[in-house]
Amino acid sequence: MNIVLSGVKPTGIPTLGNYIGALRNFVKLQNEMPNAEFFFFIADLHAITVPQDPKVLKQNIKNLAALYLACGLNPKNLTLFIQSEVKQHSEMGYIMQSISYMGELERMTQYKDKVQKQVTGVTSALFTYPTLMAGDILLYDTRYVPVGDDQKQHLELARDLAIRFNNRFGNTFRVPEELISKTGARIMDLQNPTKKMDKSDDANKGCIFLLEPINSIKKKIKAAVTDSEAVVRYDKENKPGISNLMTIYSALTNLSFEDIESKYEGKGYGDFKGDLAEIVAAEIEAIQNKFNEIISSPMLDELLDKGREKATMLAQRKIQKVYKKLGLGR
Ligand code: AMP
Ligand code: TRP
């Protein structure tokens, strides 16, 4: 059985970056791999590695669960659950800490970036974040982990830890493989296109949120930073703004960069941005309509209960095996 597993942190409202880099990709994979099993979870334990307002966190968790479905995941072949409701995630995270080294965690770029921004109040959980993530993945004998490319390094650590554990204690974990989509693995900020679009940053004009008013989304796209050349051409180095917008365009329409270039030959950025604003708006409006239905239906809690039960059963089996291999307990 091939298990595909991924998680998203319930920090803030998911962005267009999350949608193109992760959520939408999950839906595609579900269609392409009818025989695989899909596990998606809301990584709330990961969220508290930085301060959260408890009331807002609770709301974000529910919203994210509904958004997974609103983006088109098929609930029939889906184990959807909340990380903190499956206690074995914390247990496995601790086990992973016991086989990882300070040096390898210190090298993680996400940690280094956050420390640079935060300076004071950096928690030890932020440091051990990748070990919790490795535990999430290894608990279920996951084969594929679809993520955006910012998570590549964490995934490599999960692979290293699986191999290390297997070598020391005998074959226990399946070594997971990454699945990074070709287009849109990193959507950049619309105002600062050398930085990734990130919902955990303080909200600004450069970030499109899946639950924000459609008019405001259109405005942000039209106000996106470009360059003075006024030619729609993909050149990530010299034209990061327009290249980012073309990535969004391409991801949502399946047109290649060449197709887009010839379509807008001789036209300025205004036409291009106007069309892109309509494309993004239509896609997000459809998601919002579904979201509004799902968030007020009892089906969501039923699905999360079912997901928790199934995940707990599998995770418990794995934890018992791991404890036995380690010689823990009686
Ligand atoms: P996070 O919001 O950090 O929990 O990320 C959830 C998922 O969205 C992960 O698979 C990330 O790799 C992906 N992701 C986050 N931001 C972006 C972005 N700007 N572009 C593409 N993928 C992203
Ligand atoms: N760390 C991931 C992120 O920030 C979220 C995550 C947590 C995750 N556990 C995971 C993703 C396990 C894939 C598999 O985006």
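Worth saying up front: this structure is predicted, and the values here are computed from it rather than measured. (Residues numbered from 1 in each chain as written. Chains lettered and ligands numbered in written order. Predicted model: local features only at pLDDT ≥ 70, side-chain atom pairs only at ≥ 80, totals over all residues. Heavy atoms only, no water.)

Participant: Quick rundown of the overall build of the protein? Include the residues and the values.
Facilitator: Per the secondary structure count, the protein includes 13 helices and five strands. Over its C-alpha trace the protein gives a radius of gyration of 21 Å, about what one expects of a compact globule, namely 20 Å for 330 residues. Across its three principal axes, the protein shows a C-alpha extent of roughly 75 × 45 × 40 Å. Here the protein holds 330 residues, and the buried ones make up 50% of them. Considering only contacts in the protein between residues 6 or more positions apart, those separated by 24 or more positions represent 77%. Per element, the accessible surface of the protein, about 15,500 Å² overall, is 50% carbon and sulfur. (Helix = DSSP H or I, 4+ residues; strand = E, 2+ residues; numbered from the N terminus. Rg over C-alpha atoms; globule rule 2.2 N^0.38 Å. Buried < 20%, exposed > 50% of the residue type's maximum accessible area, 1.4 Å probe, protein only. Contact = heavy atoms within 4.5 Å. Areas by Shrake-Rupley, 256 points an atom, 1.4 Å probe, with all protein chains shown as cover.)

Participant: Quick rundown of the site of ligand 2? Include the residues and the values.
Facilitator: In the vicinity of ligand 2 there are 14 residues, among which Lys9, Tyr129, Met133, Asp136 and Gln151 approach most closely. Note that a nitrogen atom of ligand 2 is positioned 2.7 Å from one of the side-chain N or O atoms of Tyr129. Taking Asp136, its side chain carries an N or O atom lying 2.7 Å from a nitrogen atom of ligand 2. Protein contact buries 93% of the 360 Å² of open area that ligand 2 shows by itself. A majority-of-atoms criterion places ligand 2 in the largest pocket. (Near = heavy atom within 4 Å. Polar contact = N/O pair within 3.5 Å; in protein donor to acceptor, adjacent residues only side chain to side chain. 1 Å grid on protein atoms, 1.4 Å probe; cavity = no way out; pocket = protein on both sides within 12 Å on 5 of 7 lines; lining within 4 Å. Sits in = over half its atoms within 2 Å of the grid points.)

Participant: Got a sec to walk through the pairing of strand β2 (residues 37–42)? Specific residues and values, please.
Facilitator: Where a strand is regular, its side chains alternate between the two sheet faces. For β2, the buried fraction is high: six of the six residues fall into the buried class. Pairing geometry for strand β1 (residues 3–8) and β2, over six bridges, is parallel. Bridge assignment links Leu5 to a residue of β2, and that residue is Phe39. A crossover connection joins β1 to the parallel β2 through helix α1 (residues 16–32); in handedness this β-α-β unit is right-handed. Taken together, the five bridges between β2 and strand β3 (residues 78–82) define a ladder with parallel strand orientation. Looking at β3, one finds that Ile42 is bridged to Ile82. (Pairing = 2+ DSSP bridges. Right-handed = clockwise from strand over helix to strand, strands pointing away.)

Participant: Got a sec to walk through helix α9 (residues 214–222)? Specific residues and values, please.
Facilitator: Each turn of an α-helix holds 3.6 residues, which means side chains three or four residues apart point in the same direction. Of the positions making up α9, those classed as buried are Ile214, Ile217, Lys220 and Ile221. Viewed along the axis of α9, the buried residues span an arc of 120°, placing them on a single side of the element. Pointing more than 90 degrees away from the buried face of α9 are the exposed residues Asn215 and Lys219. Considering only its buried residues, α9 is in contact with α12 (269–295). (Arc of directions from axis to C-beta.)

Participant: Report on the nonpolar core, specifying residues and quantitative values.
Facilitator: Core analysis: the biggest nonpolar cluster contains 65 residues, and Leu16, Tyr19, Tyr68, Ile248, Phe272 and Val280 have the highest contact counts within it. Looking at which element gives the most residues to this core, the answer is α12, with ten residues. Residue contributions to this core reach at least three from each of two domains, namely domain 1 (3–185 + 298–326) and domain 2 (214–292). Contacts of Val280, omitting those with residues within four sequence positions, involve Leu16, Ile217, Ile221, Ile248 and Leu252. By size, the runner-up hydrophobic cluster in this structure holds 36 residues, among which are Met92, Ile99, Leu157 and Phe173. (Core = buried A, V, L, I, M, F, W, Y, C linked by side-chain atoms within 4.5 Å. Domains from an automatic or database assignment.)

Participant: Account for the packing of α9 against α12, with residues named and values stated.
Facilitator: Between two packed helices, what matters for the description is the angle formed by their axes and the separation of those axes. In the contact formed by α9 and α12, the axes pass within 9 Å of each other and the chain directions differ by 150°. In this view, α9 runs roughly antiparallel relative to α12, as classed from their interaxial angle. Note on packing geometry: the crossing formed by α9 with α12 is right-handed. From α9, Ile214, Ile217, Lys218, Ile221 and Lys222 reach across to α12, where they touch Lys273, Gly274, Leu276, Ala277, Glu278, Val280, Ala281, Ile284, Glu285 and Gln288. Tallied by class, residues from the contact of α9 with α12 come to eight nonpolar, two polar and five charged. (Axes fitted to C-alpha atoms, helices over the stretch in contact; angles between N-to-C directions. Parallel < 35°, antiparallel > 145°, perpendicular 65-115°, else oblique. Left-handed = near helix turned anticlockwise from the far one by under 90°. Nonpolar A, V, L, I, M, F, W, Y, C, P; charged D, E, K, R; others polar.)

Participant: Break down the environment of Gly270 for me, with residues and values.
Facilitator: Among the secondary structure elements, Gly270 is positioned in helix α12. Once the C-alpha coordinates of Gly270 and Ala230 are considered, the two residues, 40 residues apart in sequence, prove to be 9.1 Å apart.

Participant: Outline the pattern of salt bridges, listing residues and values.
Facilitator: All told, the structure shown has 18 salt bridges when counted by the stated rule. Of the charged contacts in the structure, one is a salt bridge between Lys318 and Asp141, with a shortest N-O distance of 2.9 Å. Remark: Asp141 occurs in the loop between α7 (124–138) and β4 (144–146) and Lys318 occurs in helix α13 (residues 299–326); sequence separation between them is 177 residues. Exposure remark for Asp141: the relative accessible area of 31% places this residue in the partly exposed category. Across the pair Glu212 and Lys220 runs a salt bridge whose closest N-O atoms are separated by 2.9 Å. The pair formed by Glu212 and Lys220 is uniform in burial state, with each residue classed as buried. A single salt-bridge network, built from bridges that share partners, covers Asp227, Glu229, Arg233, Asp235 and Lys239. (Salt bridge = Lys/Arg side-chain N within 4 Å of Asp/Glu carboxyl O.)

Participant: Got a sec to walk through the side chain of Asp44? Specific residues and values, please.
Facilitator: Locating Asp44 in the fold gives a position in helix α2 (residues 44–47). Lys58 is the oppositely charged side chain nearest to the buried, salt-bridge-free Asp44, at an N-O distance of 7.3 Å. Residues in contact with Asp44, not counting those within four places in the same chain, are Pro10, Ile61, Ile82, Gln83 and Ser84. (Lys, Arg positive; Asp, Glu negative; His and termini not counted.)

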